[in-house]
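Notes for the structure review
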Amino acid sequence: MTQWIIPADINKYRLDDVLRELPHVDWHQHNHVQVGDIVYIYCSRPVSQIKYKMRVTAINITTEESTSDREYWANPSEFNSSLEHNRFFRMVLVDKNTTPYLKLDDLLLNGLNKTAPRGGMKAKEPLLGYIESHFISRKHSLKEIIESEVDFSKVDFERYEAAFAKFINEVISKNHY
């Protein structure tokens, strides 16, 4: 599985609305994405921040097979020119960044080279670790992480309840939940 960062010009394409109103988004396929890859979407100015974590669910989708999103484009001629590409990949939303982190300045301090993403790029360490640390889902992942790491049948809850509560509070405070 590869992890990518791709830019989205929110002045041309209303990505927030697409993700709120459609079950998926079809994107121009320029890179060698594969089903299962993770895509972090960097939203352009004035946001200048990675806002979305997506999962690739299909590749090599033709224009005819793609979902029409014409109404989300600011300029209809840009929508029409996007259809000429005729190769798309489909993504579903995994998580949305609602923190004040992952802004361009943060990304530059944590491994992004020199400027905002201008095209699709593979996310590499240390930048990838920094990005992932802000996408631990605040809804379910903490519970899933604990359940995958702890055999509850062997835990004496009465004996360890206070220590466990302290540990959970420390994890939550360190991860900005």
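Please read all numbers here as calculations on a predicted model, not as lab measurements.

Some points on the nonpolar core
Counting 21 residues, the largest nonpolar core has Leu15, Val25, Trp27, Val39, Ile41 and Met91 as its most contacted members. Secondary-structure elements contributing two or more residues to this core are β1 (3-8), α1 (15-21), β2 (25-28), β3 (38-43), β4 (49-61) and β5 (88-96). Not counting residues up to four positions away in its chain, the partners in contact with valine 39 are Trp4, Ile6, Tyr52, Lys53, Met54, Val56, Phe89 and Met91.

A word on the packing of aromatic side chains
Under the defined criterion, the tally for this structure stands at three aromatic pairs. Geometrically, the ring pair formed by tyrosine 13 and tryptophan 73 is tilted, given 5.0 Å between the ring centres and 55° between the ring planes. Residue tyrosine 13 is found in the loop between β1 and α1, and its partner tryptophan 73 is found in the loop between β4 and α2 (76-83); the two are separated by 60 residues along the sequence. Taking the relative accessible area as the measure of exposure, tyrosine 13 reaches 7% and is therefore buried. In this structure tryptophan 73 comes out as buried when scored by relative accessible area, which is 16%. The structure contains a cluster of three or more aromatic residues connected by ring pairs, namely Tyr13, Trp27 and Trp73.

A closer look at the sheet that holds strand β6 (residues 121-122)
Read across the sheet, six strands follow the order β2-β5-β4-β3-β1-β6 without closing on themselves; strand pairing throughout is mixed. Edge strands, defined here as strands with exactly one partner in the open sheet, are β2 and β6. Direction of pairing for β3 relative to β4: antiparallel, over a ladder of six bridges. Looking at β4, one finds that isoleucine 38 is bridged to arginine 55.

Here's the deal with the environment of proline 117
Along the polypeptide, proline 117 turns up in the loop between α3 (104-109) and β6. Taking the relative accessible area as the measure of exposure, proline 117 reaches 8% and is therefore buried. In this structure, the C-alpha to C-alpha distance between proline 117 and cysteine 43, residues 74 residues apart in sequence, is 9.4 Å. Beyond its immediate chain neighbours, meaning those up to four positions away, proline 117 contacts Ile5, Pro7, Tyr42 and Leu112.

Structural notes on the pairing of β4
Hairpin connection from β3 to β4: five residues lie between these consecutive antiparallel strands, with serine 48 at a positive phi of about 50°. Across seven bridges, the pairing between β4 and β5 is antiparallel. Among the inter-strand pairings, valine 56 is bridged to a residue of β5, identified as methionine 91.

Quick word on the pattern of salt bridges
Counted by the stated rule, this structure contains three salt bridges. Salt-bridge contacts for aspartate 17 lead to arginine 14; the nearest nitrogen and oxygen are separated by 2.7 Å. By relative accessible area, aspartate 17 is classed as buried at 17%. Judged by relative accessible area, arginine 14 falls into the partly exposed class, the value being 36%. A salt bridge links arginine 90 to aspartate 26; its shortest N-O distance comes to 2.7 Å. Of this pair, arginine 90 sits in strand β5 while aspartate 26 sits in strand β2, and the two are 64 residues apart along the sequence.

Parameters and conventions
- Each chain has its residues counted from 1, running along the sequence as written.
- Local features in a predicted model are, by the rule used here, given only for residues with pLDDT of at least 70; side-chain atom pairs are given and counted only at 80 or more, and totals for whole chains, interfaces and linings are based on all residues.
- Excluding hydrogens and water, the side-chain figures rest on all heavy atoms present in the structure.
- Side-chain atoms within 4.5 Å link the members of a nonpolar core, which is a set of buried Ala, Val, Leu, Ile, Met, Phe, Trp, Tyr and Cys residues.
- Accessible area is worked out with a 1.4 Å probe on protein chains only. A residue is then buried under 20% of its type maximum, exposed over 50%, and partly exposed in between.
- To qualify as a helix, a DSSP run of H or I must reach at least 4 residues; to qualify as a strand, a run of E must reach at least 2; elements of each kind are numbered from the N terminus.
- Whether two residues are in contact is decided by their heavy atoms, any of which lying within 4.5 Å being enough.
- The rule is short: rings of Phe, Tyr and Trp, with Trp giving its six-membered ring, pair when the centres are within 6.5 Å, and they are stacked under 30 degrees, edge-to-face over 60, tilted in between.
- We call two strands paired when DSSP finds no fewer than two bridges between them.
- Should a side-chain nitrogen of Lys or Arg be within 4 Å of a carboxyl oxygen of Asp or Glu, the pair is scored as a salt bridge.

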